[in-house]
Amino acid sequence: NAGVTQTPKFQVLKTGQSMTLQCAQDMNHEYMSWYRQDPGMGLRLIHYSVGAGITDQGEVPNGYNVSRSTTEDFPLRLLSAAPSQTSVYFCASSYSALNTEAFFGQGTRLTVV
Amino acid sequence: ELKVEQNPLFLSMQEGKNYTIYCNYSTTSDRLYWYRQDPGKSLESLFVLLSNGAVKQEGRLMASLDTKARLSTLHITAAVHDLSATYFCAVDRDDKIIFGKGTRLHILP
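To start, this report covers the structure provided alongside it. What you see is a predicted model, and the numbers here were worked out from it, not measured in a lab.

### Digging into the sheet that holds strand β3 (residues 19–25) of chain A
Residue and element names in this part refer to chain A. Strand order across the open sheet formed by four strands is β1-β3-β8-β7, with antiparallel pairing between neighbours. Each edge of the open sheet carries a strand with a single partner, namely β1 (4–7) and β7 (64–66). Pairwise comparison of adjacent strand axes, ignoring direction, gives a mean angle of 20° for this sheet. Of the strand pairs in this sheet, β1 and β3 are connected by four bridges, and their pairing is antiparallel.

### Quick notes on the state of the cysteines
Evaluated as defined, the whole model comprises two disulfides over all chains. Here Cys23(A) connects covalently by a disulfide to Cys91(A), the sulfurs 1.8 Å from one another. Taking the sign of the S-S torsion, -70° for the link of Cys23(A) and Cys91(A), the bridge is left-handed. Residue Cys23(A) is located in strand β3, and its partner Cys91(A) is located in strand β9 (residues 87–94); the two are separated by 68 residues in the primary sequence. Classification of Cys91(A) by relative accessible area gives buried; the value is 0%. A sulfur-sulfur separation of 2.0 Å characterises the disulfide bridge that pairs Cys23(B) with Cys89(B).

### Overview of the interface of chain B and chain A
Chain B puts 19 residues into the contact, and the matching count from chain A is 22 residues. The junction of chain B with chain A conceals about 1,700 Å² of combined surface from both sides, 52% of it contributed by carbon and sulfur atoms. It is Ser42(B), Asp95(B) and Ile97(B) in chain B that bury the most area against chain A; as a group they hold 27% of the surface buried on that side. Applying the counting rule to chain B against chain A returns zero salt bridges.

### Quick look at the environment of Leu2(B)
All names here are of chain B. Relative to the assigned elements, Leu2 resides in the segment before β1 (4–7). On the basis of relative accessibility, which here comes to 11%, the residue Leu2 falls in the buried class. When the C-alpha positions of Leu2 and Asp92 are compared, they lie 9.1 Å apart, and in sequence the two are 90 residues distant. Residue contacts for Leu2: discarding those within four places in its chain leaves Tyr25, Ser26, Thr27, Val91, Arg93 and Ile98.

### A look at the packing of aromatic side chains
For the coordinates displayed, the defined rule picks out ten aromatic pairs over all chains. Summarising the aromatic geometry, the rings of Phe104(A) and Phe99(B) are spaced 6.1 Å apart at their centres and angled 75° between planes, so their arrangement reads as edge-to-face. Here Phe104(A), found in strand β10 (residues 103–104), pairs with Phe99(B), found in strand β10 (residues 96–99), and the two come from separate chains. Given a relative accessible area of 8%, Phe104(A) falls into the buried group. Since its relative accessible area comes to 6%, Phe99(B) is described here as buried. Among the aromatic residues, those joined into a cluster by ring pairs are Tyr35(A), Phe90(A), Phe104(A), Tyr33(B), Tyr35(B), Phe88(B) and Phe99(B). Over the ring of Phe74(A) we find Arg68(A), and its NZ or CZ is 6.0 Å from the ring centre.

### Quick look at the layout of surface pockets
Reported here for the largest pocket is a volume of approximately 820 Å³. As for the largest pocket, its lining consists of 33 residues, of which Gln37(A), Pro39(A), Gln37(B), Pro39(B) and Gly40(B) are closest to the centre. Of all elements in the fold, only β4 (31–38), β9 and β11 (108–112) of chain A together with β9 (85–93) and β11 (103–108) of chain B reach the threshold of two or more residues within the lining of the largest pocket. The element contributing the most residues to the lining of the largest pocket is β11(A), with four residues. Its residues placed into classes, the lining of the largest pocket shows eleven nonpolar, 15 polar and seven charged. Around the second largest pocket sit 15 residues that line it, and Met41(A), Glu59(A), Val4(B), Phe99(B) and Lys101(B) are the ones nearest its centre. The leading source of residues in the lining of the second largest pocket is β1(B), at three residues.

Reading the values: rules and limits
- Residues numbered from 1 in each chain as written.
- Chains lettered and ligands numbered in written order.
- Predicted model: local features only at pLDDT ≥ 70, side-chain atom pairs only at ≥ 80, totals over all residues.
- Heavy atoms only, no water.
- Pairing = 2+ DSSP bridges.
- Helix = DSSP H or I, 4+ residues; strand = E, 2+ residues; numbered from the N terminus.
- Axes fitted to C-alpha atoms, helices over the stretch in contact; angles between N-to-C directions.
- Disulfide = S-S within 2.5 Å.
- Buried < 20%, exposed > 50% of the residue type's maximum accessible area, 1.4 Å probe, protein only.
- Contact = heavy atoms within 4.5 Å.
- Buried area = accessible area lost by both parts, 1.4 Å probe.
- Salt bridge = Lys/Arg side-chain N within 4 Å of Asp/Glu carboxyl O.
- Phe/Tyr/Trp six-rings, centres within 6.5 Å; stacked < 30°, edge-to-face > 60°.
- Lys NZ or Arg CZ within 6 Å of the ring centre and 35° of its normal.
- 1 Å grid on protein atoms, 1.4 Å probe; cavity = no way out; pocket = protein on both sides within 12 Å on 5 of 7 lines; lining within 4 Å.
- Points joined across faces, edges and corners; volume = space filled by probe spheres on them.
- Nonpolar A, V, L, I, M, F, W, Y, C, P; charged D, E, K, R; others polar.

Written out as structure tokens, the structure is:
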């Protein structure tokens, strides 16, 4: 029962570098989303997808890109990392846009220096 | 724009006491969720509230939803140390699930 799998668990980037955070789910969920968690800020929605081929912006999308070419995968790309993107990133999946109870991955702790 | 506010943001309480966490949201929604997060861990789902007047209970935790008041409560009965965690409410509006800032609950033995 893998559920939602995020890789890597930890990452250190230099300012200006790009990278992709991977997220995969094996529950055949239609809906997937990315959040960042910062101290005192709760979880903020970056991007979300209601199904393969469909993505949309959340609360804080700037500096991030996503794609959803398959139901299973929802990678998050940092185009040019900045120290302000230092955070813990969570991927989540839900059965559908009509049933959005979220199941979370274990998180990726990203530090940008 | 949907805003979700929780209060208090931090709560320290004695074992055996009762307390309530409040979650207010700014626009209409019929779906509200409560999650728990332990330090350094991911989030796990506690309750799904889908309609006005919905009440769910699990052990010492009970959640309720009043969609007319745009308010959900998470009530803790006779708190025990194991309930120490951060609790988040989240509201679904227009396919976006927006979280509150969380309530860090610290239960003293």
